[in-house]
Structure formats: C-alpha cells, structure tokens
Amino acid sequence: MHPVFNFENSYLNLPSQFYSCVEPTKVENPEIVLLNSNLIETLHINATNSIDLLAILSGNKIPNNTKPFAQAYAGHQFGHFTILGDGRAIMLGEHLNNKHERYDIQLKGCGKTPYSRQGDGRATYKAMLREYLISEALHFLNIPTSRSLAVVKHHSPVFRENIEIGAILTRVMKSHLRIGTFEYAHFKNDNNSLKLLANYSLLRLYPEKNEYSIPALNLLNEVMVAQINLVVEWMRVGFIHGVMNTDNTSLSGESFDFGPCAFINTYNPATVFSSIDYQGRYSFKNQPFIIKWNLYKFAETLIPIIHQDLNIAIKLAQEMLNRFDDLWLEAYYQTFIHKIGFEKITTKNKALVDELLDIMFKNNLDYTNTFLLLTNSVAWHEAAHYLKILNDWIMKWEQLFMEYQITKNSALMVKNNPVYIPRPHLVEEALNEAVKGQLTKFLNVLNVLKNPYNHHDLFLENIVPPNKNFEQNYQTYCGT
Ligand code: AMP
Ligand code: MG
C-alpha cells in the first residue's frame with residue numbers, strides 16, 4: 001500500500017543538539033473533525049485509507065517511513081531570553097510532494113517532549129480550531145502562513161482552568177526553522193553547529209540566493225526581506241500577530257503560532273488584544289519595530305560566522321540591518337498605495353495614505369470596510385456615514401489621479417482590500433458553538449473566508465463590524 005506521506009527527514013542530519021527523537025503519546029477515541037482537502041491536493045498525500053490517516057494524525061500510529069522528533073530552540077519572549085523547544089509539538093516528518101517541494105508535517109498537542117517543562121504537551125480543541133481558521137484565512141488572503149491539514153479531537157482529558165476537550169492539529173509549513181533555532185545554537189557557543197545550521201537553512205529555504213559572498217549575510221538578508229514582506233501583509237489586512245517572540249519568527253517568512261492573534265475592526269494603531277501584553281509591545285503599529293528588533297537578535301547569533309574578526313563581523317551585520325528602515329518604508333507604502341489604487345509610489349500618494357489612516361483613526365472607522373468602500377460600493381448600514389466623513393479625502397484622491405492623468409487601478413484595489421476577514425466576534429461565536437458540539441457556524445465562517453476578495457450578497461453578516469462594546473472589551477489569550 002502507498003504510504004500517506006512521502007517522508008524524508010533532512011533536519012535529522014543536523015547535529016543532534018538541535019532535536020530529540022520522541023514519539024507522540026497515544027490518545028483515546030480520536031476523531032477527525034476537520035480535514036483540509038485543498039491542502040491534501042497541494043501536498044499530494046495519499047488520504048484514501050481513512051483509518052490509517054486517523055491513526056497517523058492522532059499520533060496513535062507512527063508511519064514506518066519516518067522518525068518523529070521535537071525541535072530544540074530558544075527565544076526572546078517579551079524581550080527576555082529563554083530556552084524553549086517543541087513542548088507540545090512533534091514533527092512527524094518532512095513530506096515531499098510530487099513536485100519535490102518539502103513540507104514539515106507537525107502534530108501540535110500530541111503529548112510531552114523533553115522540552116515540555118511544566119506543560120502537559122496537550123492543546124485544547126478550541127485553540128486548535130482557532131489556529132485552523134486563522135491560518136486558513138491568512139492563506140486565502142494570499143499571505144504566507146503555516147497551514148492546517150487536520151484537527152483531530154480526542155477523549156484524553158486536557159486540564160486547564162477546567163477540564164477541556166483536547167485536540168491535535170496537523171500543522172504544515174515550509175519549515176519550522178526560526179530565529180530561536182539560531183539563538184539556541186548561539187547559546188550553546190558552538191560555531192560549527194551554527195555554521196551547519198546556517199548552511200542547512202539557506203539550502204532549504206533560499207537555495208538560489210547568493211548576492212553576498214558570506215552565507216550568513218545571505219541568510220540575514222533573505223530573512224529580513226521575507227519578514228518585512230510578511231509584516232506589511234499582516235498590516236494590509238489588519239492582522240495583529242500578538243506574540244512576535246523570536247521563537248515565533250520563522251526564517252521562511254511564514255506566519256505561525258496563532259495564540260493571541262486577531263484582526264482589528266476599528267482602526268486604532270495602538271490596538272493590543274493579548275491579555276498578557278500589558279505594555280503593548282506587540283500592538284498593531286509596533287509590529288515593524290518588533291520585527292526589526294527580532295532581526296537584530298538574529299544578527300547577533302550570526303556574528304561568529306559572519307567573520308572571524310569581531311569588529312568586521314559587527315560592521316557587516318550592522319550595514320545589512322541599516323537597510324531595514326528604507327526597505328520597510330518602500331514595502332509598506334508600495335502596498336498601501338495599491339490599497340488606494342495607485343501603482344507607483346509618489347510623495348503625494350504616500351501623504352494620501354497617511355492622511356486616510358489618520359482620518360480613520362480619528363473617526364473610529366472600521367479598517368477593512370473603509371478600504372472596501374473605496375474599492376466597491378458595499379451596501380452595509382454605515383456606508384453613507386463613512387462617505388460623509390471621507391468626502392474631502394475622496395475629492396483629493398480623485399484630484400491626484402487627474403493631476404497624474406491616470407485612472408484608478410481597480411484590480412489592484414480589489415486584490416489588496418479584502419471584503420471578508422475573520423472578525424473576532426464571529427470567530428468567538430463560531431468557536432463557542434463548536435466546543436458545544438455544533439460546527440455549523442464554524443464551517444460557515446471558514447467557507448466565507450476561503451474567498452475573501454469576492455463580495456457576495458449572502459454574506460452581509462460577515463461584513464458588519466461588532467458593536468463598539470465588543471471591541472473595547474475583547475481580549476485574546478495564549479491559552480491553549
Ligand atoms: P508559544 O507561546 O506557543 O510560542 O509557546 C512557547 C513555548 O511553550 C514553546 O516552547 C511551547 O512548546 C511551550 N508550550 C506551550 N504550551 C505548552 C504545553 N501545553 N505543554 C508543553 N509545552 C508548551
Ligand atoms: Mg511558539
């Protein structure tokens with residue numbers, strides 16, 4: 001019989017300090033609740049034997065073509081260095097699809113590992129459904145992200161404040177290499193391992209990139225560009241990651257780790273949803289500053305392999321990071337002028353972007369719907385009120401197109417301004433019903449989010465923002 005996955009685990013060729021071979025802990029009465037047919041097609045996995053598939057995705061059976069492992073890593077959490085590692089996730093293996101593209105297949109919530117510390121290695125059904133929904137939403141918004149192949153519910157109890165339903169999510173990602181992996185190697189003070197890790201990361205993620213003669217500089221440059229593009233994309237759709245610790249910053253530029261993340265309704269750049277982010281470190285507007293901070297942490301780990309002369313190494317790393325601000329502004333405005341229908345950046349259209357965001361903030365306008373209104377005429381009850389507020393800005397906007405003798409690029413606007421985002425109130429409602437055993441709402445929300453740029457009259461409910469009270473009191477939890 002053809003195996004489900006086509007495993008080939010390149011990560012295990014790294015020095016053994018980077019992982020621990022460990023198997024998932026078996027669960028009772030597993031049941032596949034969600035299975036991602038779209039992703040099955042991308043991966044070309046053999047999902048024909050549903051009994052085998054369930055056994056594997058629940059962690060109850062190890063396929064004989066792999067050796068599962070947990071990854072070691074460290075990280076700066078809210079600015080503080082800690083040794084971490086996969087405490088509740090185990091890599092089943094690296095799967096190669098028919099195009100020879102490599103994907104990590106990871107079971108999240110599948111039991112303890114040597115890195116679990118005080119944790120139980122488990123995950124709640126609610127948190128895994130949430131991750132499934134948000135990761136798929138980002139994917140269909142065309143934003144690089146880890147994906148979710150399946151949610152398997154089980155009957156082994158999970159103890160949180162109460163006893164919760166447990167679940168295992170199959171997370172799929174180009175790679176789970178993260179800044180924290182390098183921080184771990186750096187902490188171990190082992191330059192040989194660091195070099196092997198850098199070469200491995202480059203070969204795996206950026207094999208054709210050789211702008212610089214020093215591999216570590218190529219890696220720093222590629223990760224910087226990928227992360228800048230990612231954070232701009234988050235901001236394009238109003239996404240707050242919420243826990244941008246260095247262990248949650250991928251080298252591939254994929255979004256991952258969806259704990260306290262959420263999408264904004266009303267535009268306020270200082271928005272923070274996470275209940276543990278007391279100082280707003282990971283607020284909406286801080287995301288570019290934080291990614292820059294994380295890249296500095298990354299660069300620090302690379303110093304020993306950039307150059308043997310410390311001063312030269314620091315100078316080279318600093319020169320690379322000095323490019324961040326310009327790259328950021330370029331990427332940010334390039335995307336935001338697309339949101340208002342211009343193709344090329346000018347001083348005047350950048351000013352229009354700034355002015356629009358300022359009007360939105362001062363008037364408590366909904367982020368998604370303001371851009372949507374400028375893109376299409378959407379028939380939601382506040383549209384007329386919005387148009388009144390935006391009237392002067394719209395006149396300036398139209399004048400600028402006339403001044404440049406160009407027309408608005410509507411296709412660009414449609415592509416960059418989603419109609420549907422996972423609005424937190426709808427997500428919470430759907431999750432609360434799901435944990436009570438009713439998946440209909442969850443599946444409806446998921447279905448709408450699979451086509452986020454196409455307006456559909458039937459889905460008006462998904463456009464209407466929640467009442468202000470909801471937003472003011474909304475908090476997210478890493479809770480898990
Ligand atoms: P996160 O906040 O999800 O990035 O997780 C931070 C660290 O805590 C990672 O090393 C996780 O593996 C670990 N962790 C989170 N929840 C658990 C759990 N229930 N059991 C064991 N480890 C956990
Ligand atoms: Mg994490």
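Residues numbered from 1 in each chain as written. Chains lettered and ligands numbered in written order. Predicted model: local features only at pLDDT ≥ 70, side-chain atom pairs only at ≥ 80, totals over all residues. Heavy atoms only, no water.

A. Spatial organisation of the overall build of the protein. Secondary structure assignment for the protein yields 16 helices and 11 strands. Along the longest, intermediate and shortest principal axes, the C-alpha atoms of the protein span 65 × 60 × 45 Å. The contacts of the protein with a sequence gap of at least 6 include a subset with a gap of at least 24, amounting to 72%. For the protein, the computed accessible surface area is about 20,700 Å², with 51% contributed by carbon and sulfur atoms. (Helix = DSSP H or I, 4+ residues; strand = E, 2+ residues; numbered from the N terminus. Contact = heavy atoms within 4.5 Å. Areas by Shrake-Rupley, 256 points an atom, 1.4 Å probe, with all protein chains shown as cover.)

B. Quick look at the environment of Gln-399. Tracing the backbone through its elements, the reader meets Gln-399 in helix α12 (residues 383-404). Taking the C-alpha atoms as reference points, Gln-399 and Tyr-267, 132 residues apart in sequence, are found 25 Å from one another.

C. Layout of unusual backbone geometry. Although it is not a glycine, His-44 sits at a positive phi angle of roughly 55 degrees. Examined against the element boundaries, His-44 turns out to sit in the loop between α1 (37-43) and α2 (50-57). Phi angles above zero are rare outside glycine, and Gln-405 is one such case at about 50 degrees. Using a relative accessible area of 73% as the deciding quantity, one classes Gln-405 as exposed. (Buried < 20%, exposed > 50% of the residue type's maximum accessible area, 1.4 Å probe, protein only.)

D. Quick peek at a nonpolar patch on the surface. The grouping of Phe-81, Ile-83 and Phe-187 at the surface amounts to a nonpolar patch, some 270 Å² of accessible area in total. Judged by relative accessible area, Ile-83 falls into the partly exposed class, the value being 33%. (Patch = residues over 30% accessible without salt bridge, like charges linked within 9 Å, V, L, I, M, F, W, Y side chains within 5 Å. Salt bridge = Lys/Arg side-chain N within 4 Å of Asp/Glu carboxyl O.)

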